[in-house]
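Tertiary structure, described
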Amino acid sequence: MSRLLFDLESILQQLIVEHRKLLKHVEAHQASMKTMSLDAMDQASNQQEASRLRIVTMENNRRTIIAQLAQQHKISGEITISRLAKLFPQRGEALLKLRDELKKTILQIQTRTHIAGRLAGAVLGHLNTVVRLIAGAVERAGIYTKSGVPKVSTRIGVMEAVG
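Residues numbered from 1 in each chain as written. Predicted model: local features only at pLDDT ≥ 70, side-chain atom pairs only at ≥ 80, totals over all residues. Heavy atoms only, no water.

Let's talk about the overall build of the protein chain
Counting secondary structure elements, the protein chain contains five helices and zero strands. Each helix (α) and strand (β) of the protein chain, taken in turn from the N terminus, gives the series α-α-α-α-α. Considering the protein chain as a whole, with its 163 residues, one finds that 28% of them fall into the buried category. Taking contacts inside the protein chain between residues at least 6 apart in sequence as the whole, the part at least 24 apart equals 66%. Accessible surface, the protein chain: about 11900 Å² in total, of which carbon and sulfur atoms supply 58%. (Helix = DSSP H or I, 4+ residues; strand = E, 2+ residues; numbered from the N terminus. Buried < 20%, exposed > 50% of the residue type's maximum accessible area, 1.4 Å probe, protein only. Contact = heavy atoms within 4.5 Å. Areas by Shrake-Rupley, 256 points an atom, 1.4 Å probe, with all protein chains shown as cover.)

Right, dumping it as structure tokens:
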């Protein structure tokens, strides 16, 4: 049995653990978005970014191990977990189980981030509307008194009413 195969299983387990952490950070970010807690959103965002960086590092390690396995066993073509499970039937079931667990966790993260993206889009839409309303009000500035109160015309003439 190849040591690289055990290393691959170990990396897959680490990826599952890190993806679960990322899922918790995404859920915390969503909860802070619901309460509009900026500090909590910032903290969750930083934790998500740290998890993503760790995942990228583990993914690079996984690819290196796969390349070494392919070279050691002279495997050509695209190497998938399913293909490795067929080539190494004694560890096949464990590899497929890890793959399925990782896929399930990634799908959960994908679903949560889609929801968070929709929520953020809605909030930005409302903020955009507010900014447009304020810009429209500022665009039509009137005459103000020294105390900052808008001066209102006492009488509206015929020409002003029509125009």
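Digging into the nonpolar core
One finds Leu8, Leu12, Leu15, Leu69, Leu84 and Leu95 to be the most contacted residues of the largest nonpolar core, which totals 25 residues. Taken together, the elements giving at least two residues each to this core come down to helix H1 (3–35), helix H2 (38–72), helix H3 (81–87) and helix H4 (89–139). It is H1 that provides the largest number of residues to this core, a total of 10 residues. (Core = buried A, V, L, I, M, F, W, Y, C linked by side-chain atoms within 4.5 Å.)

As for H1
Along an α-helix, a turn takes 3.6 residues, which lines up residues three or four apart on a common side. With 33 residues, H1 should reach 48 Å at 1.5 Å per residue; the first-to-last C-alpha distance of 48 Å fits that figure. Met36 sits one or two positions beyond H1 and adopts a positive phi of about 55°. (Expected span 1.5 Å × (residues − 1).)

So, the pattern of salt bridges
Summed over all chains, the structure comprises 11 salt bridges. For Glu18, the salt bridge goes to Lys21, with nearest N and O atoms at 3.9 Å. Placement of the pair is Glu18 and Lys21 together in helix H1, with a separation of three residues, close to one helical turn. Overall, the relative accessible area of 4% leaves Glu18 in the buried class. What emerges from the salt-bridge pattern is a single network uniting Glu18, Lys21 and Arg54. (Salt bridge = Lys/Arg side-chain N within 4 Å of Asp/Glu carboxyl O.)

What about unusual backbone geometry?
Non-glycine residue Met36 carries a positive phi angle of around 55°. Tracing the backbone through its elements, the reader meets Met36 in the loop between H1 and H2. Residue Met36 is classed as exposed on the basis of its relative accessible area, which comes to 52%. Its identity as a non-glycine residue notwithstanding, Lys74 has a phi of 55°, on the positive side. With respect to the secondary-structure elements, Lys74 resides in the loop between H2 and H3. The exposed category is assigned to Lys74, whose relative accessible area is 74%.

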